[in-house]
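One-letter residues, chain by chain:
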2 protein chains.
Amino acid sequence: MKLYVIGIGPGGEEQMTLRAVRALEKCDCVAGYGLYLDLIEPLLAGKERIQTGMMREVERCTAARDAALEGRTVAVISSGDAGVYGMAGLMFEVCAGHPEIDIEVVPGVTAACAGGAVLGSPLTCDFAAISLSDLLTPWETIEKRVRCAAEGDLCIALYNPASKRRTDHLQRVCDILLDVQPPETVCGLVRNIGREGERFTLTTLAQLRDTPVDMLTTVFVGNRSTKVIGGRMVTPRGYRGV
Amino acid sequence: MKLYVIGIGPGGEEQMTLRAVRALEKCDCVAGYGLYLDLIEPLLAGKERIQTGMMREVERCTAARDAALEGRTVAVISSGDAGVYGMAGLMFEVCAGHPEIDIEVVPGVTAACAGGAVLGSPLTCDFAAISLSDLLTPWETIEKRVRCAAEGDLCIALYNPASKRRTDHLQRVCDILLDVQPPETVCGLVRNIGREGERFTLTTLAQLRDTPVDMLTTVFVGNRSTKVIGGRMVTPRGYRGV
């Protein structure tokens, strides 16, 4: 029996791969967070929905597994890529002990890539993706990762920079970054990537510290080479003769 | 005038987003490395090609810019994502001083995501993408980035782990990683991601050191939490109650 874990990209149907659309077409049952299911509504006609709220991931994935065990062809949907802060890892965990379920992960465009494209090309070279949510990762681990990434001169895509409960995480992270990187380091923010109301802002690391963000924003921190070219955020790869 | 920089994903047409296909349809001139153009051959009928070899990137992007300045609608193609080790950064550089060219970057599925999906879900949490090619980045910088990523307990996707000229880079990087991480750290390799002949191997960090790789392979190094579940490489996100 087949179970798909599908990354739908940042926004609606247009940002899905053809492979993701075709995998979804084969399914009769689709599990996902309500907001993400709504983004691809036109593709879900006639399919059963397993819909749970945010932070009910284990429940949702267990229900998807049970539907697969009953013989349904099931898709579990993640926004962005299914593997990056998505449901793929959890599906392998809840399906451990059920080798009869064949899990196929269908990758998608993650926010680092989609948001980077809106800003310009901030992640041209080596980079790190780090989530500032401490729901599942201890805050000390997050702080250490941010510091290590900056010490390695990696550009950074910061996922989940804030929530209603966590309002000062970005500020605390900027203070760590400012220990290592100059205050004029080029940074960028993208809100509503690939969705209605998409907009981006360029700023500096010093200013980023005091910029309000929300959970619909992805933050990009440049490295020593990152610059602004024609109003966009660009980390040059280093080609000679440009 | 419009110039698209399009990430086509790892393989053929099926791995492109609908948005990428539609952007390509609008173009009458397509620039890219020959191998990548061949992967999407069916979409290029009737379009002029600007085709140069590998390592002729500046020449190719300059020709694409000049075609745009002549009034053509041009697409520059990258494998994977256009921003991650792709052509987007260079296009902004060669178009600096030409504000009349409107560059739209169309993101794609990068090898970290596409290869991760083949392996399971190695990059579920925070991760770094690091290229082992020292053509454009000094080797000392690459070594430092690898060390910092390991010290931050970041999972790592290693792009370009070898070429004909660079045969020992992966070995040298494994020696650095083994300073920080245990030899039994779960690792994975994926060759020909999303293309004919795709195959993956799971291994350990100790064994990875002596595994031959080539330029068609992407290497994944787990962190302290990464494990093998049902024959796949999985970094659990940390959900309770699984």
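A short tour of the structure in this document, coming up. Here the structure is a predicted model, which means the values were calculated and not measured.

Parameters at a glance
- Residues numbered from 1 in each chain as written.
- Chains lettered and ligands numbered in written order.
- Predicted model: local features only at pLDDT ≥ 70, side-chain atom pairs only at ≥ 80, totals over all residues.
- Heavy atoms only, no water.
- Helix = DSSP H or I, 4+ residues; strand = E, 2+ residues; numbered from the N terminus.
- Rg over C-alpha atoms; globule rule 2.2 N^0.38 Å.
- Buried < 20%, exposed > 50% of the residue type's maximum accessible area, 1.4 Å probe, protein only.
- Phe/Tyr/Trp six-rings, centres within 6.5 Å; stacked < 30°, edge-to-face > 60°.
- Contact = heavy atoms within 4.5 Å.
- Pairing = 2+ DSSP bridges.
- Axes fitted to C-alpha atoms, helices over the stretch in contact; angles between N-to-C directions.
- Least-squares fit on C-alpha atoms with pLDDT ≥ 70 in both.
- Buried area = accessible area lost by both parts, 1.4 Å probe.
- Salt bridge = Lys/Arg side-chain N within 4 Å of Asp/Glu carboxyl O.
- Polar contact = N/O pair within 3.5 Å; in protein donor to acceptor, adjacent residues only side chain to side chain.
- Nonpolar A, V, L, I, M, F, W, Y, C, P; charged D, E, K, R; others polar.
- Left-handed = near helix turned anticlockwise from the far one by under 90°.

## Overview of the overall build of chain A
Part 1 of the reasoning: Across its full length, chain A holds eight helices and 13 strands.
Part 2 of the reasoning: Taking 2.2 N^0.38 as the reference for a compact globule, 242 residues should give roughly 18 Å; the C-alpha atoms of chain A span a radius of gyration of 19 Å, in line with that estimate.
Part 3 of the reasoning: Counting only C-alpha atoms, chain A reaches 55 × 40 × 30 Å along its principal axes.
Part 4 of the reasoning: Across the 242 residues in chain A, those meeting the buried criterion constitute 60%.

## Remarks on the packing of aromatic side chains
Part 1 of the reasoning: Enumeration according to the criterion identifies five aromatic pairs over all chains in this entry.
Part 2 of the reasoning: For the pair A:Tyr33 and A:Tyr36, a centre-to-centre distance of 5.1 Å together with 75° between the ring planes defines the contact as edge-to-face.
Part 3 of the reasoning: Aromatic pair B:Tyr85 and B:Tyr159: ring centres 4.8 Å apart, planes at 50°, arrangement tilted. With B:Tyr85 in the loop between β4 (74-78) and α4 (88-94) and B:Tyr159 in strand β8 (residues 155-159), the pair connects residues that are 74 residues apart, well separated along the chain.

## As for the environment of B:Ala128
Part 1 of the reasoning: Turning to its location among the elements, B:Ala128 is positioned in strand β7 (residues 127-131).
Part 2 of the reasoning: Of the residues examined, B:Ala128 reaches a relative accessible area of 0% and is grouped as buried.
Part 3 of the reasoning: In contact with B:Ala128, other than residues within four places in its own chain, are A:Phe127, A:Ala128, A:Leu154, B:Ala149, B:Leu154, B:Cys155, B:Ile156 and B:Ala157.

## Digging into the sheet that holds strand β9 (residues 186-191) of chain A
Part 1 of the reasoning: Ordered in space as β10(A)-β9(A)-β11(A)-β8(A)-β7(A)-β7(B)-β8(B)-β11(B)-β9(B)-β10(B), the 10 strands form an open sheet in which the pairing is mixed. Unpaired on one side and paired on the other, β10 (199-204) of chain A together with β10 (199-204) of chain B mark the two borders of the sheet. Taken over all neighbouring pairs, the strand axes of this sheet differ in orientation by 15° on average, direction set aside.
Part 2 of the reasoning: For strand β9 (residues 186-191) of chain B and strand β11 (residues 217-221) of chain B, the ladder comprises five bridges, and the chain directions are antiparallel. Residue pairing in the sheet places B:Leu189 in a bridge with B:Val219 of β11(B).
Part 3 of the reasoning: Running at roughly 75° to strand β11 (residues 217-221) of chain A, helix α5 (residues 111-119) of chain A makes contact with β7 (127-131), β8 (155-159), β9, β10 and β11 of chain A of the sheet.
Part 4 of the reasoning: Contacts from helix α5 (residues 111-119) of chain B reach β7, β8, β9, β10 and β11 of chain B within the one sheet, and its direction differs from that of β11(B) by about 75°.

## Section: the relation of the copies chain A and chain B
Part 1 of the reasoning: Under the fitted operation, chain A is carried onto chain B by 0.0 Å of movement along the axis and a turn of 180°, and the coordinates agree to an RMSD of 0.0 Å. In the structure described here, the two chain copies are related by an operation that fits a two-fold rotation axis.
Part 2 of the reasoning: Interface overlap between copies: 100% of the residues of chain A at the interface are likewise at the interface in chain B, consistent with a symmetric, same-surface contact.

## Thoughts on unusual backbone geometry
Part 1 of the reasoning: Although it is not a glycine, A:Asn160 adopts a positive phi angle of roughly 45°.
Part 2 of the reasoning: Summarising the element assignment, A:Asn160 is placed in the loop between β8 and α7 (169-180).
Part 3 of the reasoning: Unlike most non-glycine residues, B:Asp153 shows phi in positive territory, near 55°.
Part 4 of the reasoning: Relative to the elements of secondary structure, B:Asp153 occurs in the loop between α6 (139-151) and β8.
Part 5 of the reasoning: Residue class for B:Asp153 comes out buried when judged on its relative accessible area of 13%.

## So, the interface of chain A and chain B
Part 1 of the reasoning: Contacts between the two partners involve 65 residues from chain A and, on the opposite side, 65 residues from chain B.
Part 2 of the reasoning: At the boundary of chain A with chain B, total buried surface from both sides reaches about 5900 Å², with 61% on carbon and sulfur atoms.
Part 3 of the reasoning: The three residues of chain A that bury the most area against chain B are A:Leu136, A:Arg145 and A:Tyr239, which together make up 13% of that side's buried surface.
Part 4 of the reasoning: In this assembly, chain A and chain B are joined by six salt bridges.
Part 5 of the reasoning: A salt bridge links A:Glu14 to B:Arg22; its shortest N-O distance comes to 3.6 Å.
Part 6 of the reasoning: Taken together, the connections running from chain A to chain B amount to 32 residue pairs in polar contact (both at pLDDT 80 or more).
Part 7 of the reasoning: The element contributing the most residues to the side of chain A that touches chain B is helix α4 (residues 88-94) of chain A, with six residues.
Part 8 of the reasoning: Looking at the side of chain A that touches chain B residue by residue, the class counts come to 34 nonpolar, 16 polar and 15 charged.
Part 9 of the reasoning: As paired strands, β7(A) and β7(B) are joined by three bridges and run antiparallel to one another.

## Observations regarding the pairing of β9(B)
Residue and element names in this part refer to chain B.
Part 1 of the reasoning: Counting buried positions along β9 gives five out of six residues, so the element sits mostly inside the fold.
Part 2 of the reasoning: Pairing of β9 with β10 involves six bridges; the strand directions are antiparallel. Bridge pairing in β10 places Gly-188 opposite Leu-202.

## Brief notes about the side chain of B:Thr203
Residues and elements named next belong to chain B.
Part 1 of the reasoning: With respect to the secondary-structure elements, Thr-203 resides in strand β10.
Part 2 of the reasoning: At 3.1 Å, the side chain of Thr-203 forms a polar contact with the side chain of Gln-207.
Part 3 of the reasoning: Apart from the residues lying within four places of it in its own chain, the contact partners of Thr-203 are Thr-185, Val-186, Cys-187, Leu-189 and Leu-208.

## Side note on the sheet that holds strand β13 (residues 232-234) of chain A
All names here are of chain A.
Part 1 of the reasoning: Read across the sheet, three strands follow the order β6-β13-β12 without closing on themselves; strand pairing throughout is mixed. Single-partner strands in this sheet number two, and they are β6 (120-121) and β12 (227-229).
Part 2 of the reasoning: Where β12 lies against β13, three bridges are found, and the strand directions are antiparallel. Following the sheet pairing, Lys-227 is matched in β13 by Val-234.

## Here we look at the packing of helix α6 (residues 139-151) of chain A against α7(A)
Residues and elements named next belong to chain A.
Part 1 of the reasoning: In contact at an axis separation of 9 Å, α6 and α7 are set at 35° when each is read in the N-to-C sense. α7 is crossed by α6, and the crossing has right-handed handedness. Touching Trp-139, Glu-143, Val-146, Arg-147, Ala-150 and Glu-151 of α6 are His-169, Arg-172, Val-173, Ile-176, Leu-177, Asp-179 and Val-180, all from α7.
Part 2 of the reasoning: Residue composition of the contact of α6 with α7, by class: seven nonpolar, one polar and five charged.

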